[in-house]
Amino acid sequence: MEEEFDHPSKALLLEYLEMGIYRTTHMESQAGYINESMPYADAAQSYLQCLLENKRKEAFEIIEALLEAGVTIRDIYRYIFQPTQYEIGRLWQCHRISVGQEHFCTAATQSFISRLYSRWLIHTGQDKKLVATCVGSEQHEIGLRMLTDVFEMEGWDTHYLGANVPNGSVIEAIERHQGDVVAISVTMTYHLHLAKELIHLIRHHPATAHVKIMVGGYPFNIDQELWKTIGADGYAPGADEAVAVAEQLLSQPATCNYLDMVRD
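All of the points below concern the structure found in this document. This structure is a prediction, so every number in the text was calculated from the model and none was measured.

### Points about the environment of Thr208
- By the element assignment, Thr208 lies in the loop between α8 (192–204) and β4 (212–216).
- With 198 residues separating them in the primary sequence, Thr208 and Lys10 have C-alpha atoms 40 Å apart.

### Observations regarding the sheet that holds strand β5 (residues 234–235)
- Spatially, β2-β1-β3-β4-β5 is the arrangement adopted by the five strands of the open sheet, whose pairing is parallel. Where the open sheet ends on each side, the last strands, each with one partner, are β2 (157–162) and β5.
- Judged from the five bridges that link them, strand β3 (residues 181–185) and β4 form a sheet pairing that is parallel. By the bridge assignment for β4, Val182 is matched with Ile213.
- Strand contacts of α8: β1 (129–134), β3 and β4, with the helix running at about 165° to β3, the strand carrying the most contacts.
- Packed on one face of the sheet, helix α11 (residues 239–251) meets β3, β4 and β5 and runs near 155° to β4.

### Here's the deal with helix α4 (residues 73–93)
- Across its 21 residues, α4 extends 29 Å between first and last C-alpha, which sits within 8% of the 30 Å expected from 1.5 Å per residue.
- The axis of α4 is deflected most strongly, by about 25°, at Phe81, and proline Pro83 appears within four residues downstream.
- Where α4 terminates, the next one or two residues include His95, which has phi positive at roughly 65°.

Rules behind the numbers
- Residues numbered from 1 in each chain as written.
- Predicted model: local features only at pLDDT ≥ 70, side-chain atom pairs only at ≥ 80, totals over all residues.
- Heavy atoms only, no water.
- Helix = DSSP H or I, 4+ residues; strand = E, 2+ residues; numbered from the N terminus.
- Pairing = 2+ DSSP bridges.
- Contact = heavy atoms within 4.5 Å.
- Axes fitted to C-alpha atoms, helices over the stretch in contact; angles between N-to-C directions.
- Expected span 1.5 Å × (residues − 1).
- Bend = angle between axes of the 7 residues up to and from the residue.

Now the structure itself:
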């Protein structure tokens, strides 16, 4: 690029390339997402190891043992599933596991989540409604799925759209379900412009202009002010924080467009 590319933006492009090279070459030294200071760290580490060794049965036995010991399903989401998925992503990024292993681990956790539904799924008639969607062709749905489940555990009426949903269908779903809050998930940074486009459409449609919009995902965890740039009302780094943030958003006057979702 330095030798062959002549363009006014060359310096900026080179800066981004340098940042990318630095990040990919330093992923190996990045601290893992499972550490001894977190609750149920040993169980999380054992669960991860079972998945990496393709031991689905043994992995679910760890979850069942935690439930029998009185651990709540919400804590299993927070301290087992969520950090394990983050760690699997880190291991893939630093080339310590293959794409196939990453897909196997994620699919296994998704299946376990489905098996747990009958143990907590409730119908409270809550008036607060959440619509949750990924942008564009994003296939990294599990984080948003867990977020939606946690909202459901808190009594929200949730509508999970998942991935590959056209913008028009998202607008239609918000209107049909009378959503109060929309959660938009972005995992890949090159999909940020799609999130910005969707937010713009929601803001400018008469039936959805009032809805509060929160975003989450890897790019927003790296830059915790990024949500402001794309026009969201706020951001939350995880499912538990997202519930508190959504409640705060709904308590704001309709004229308030932005709320910092990150609380110390």
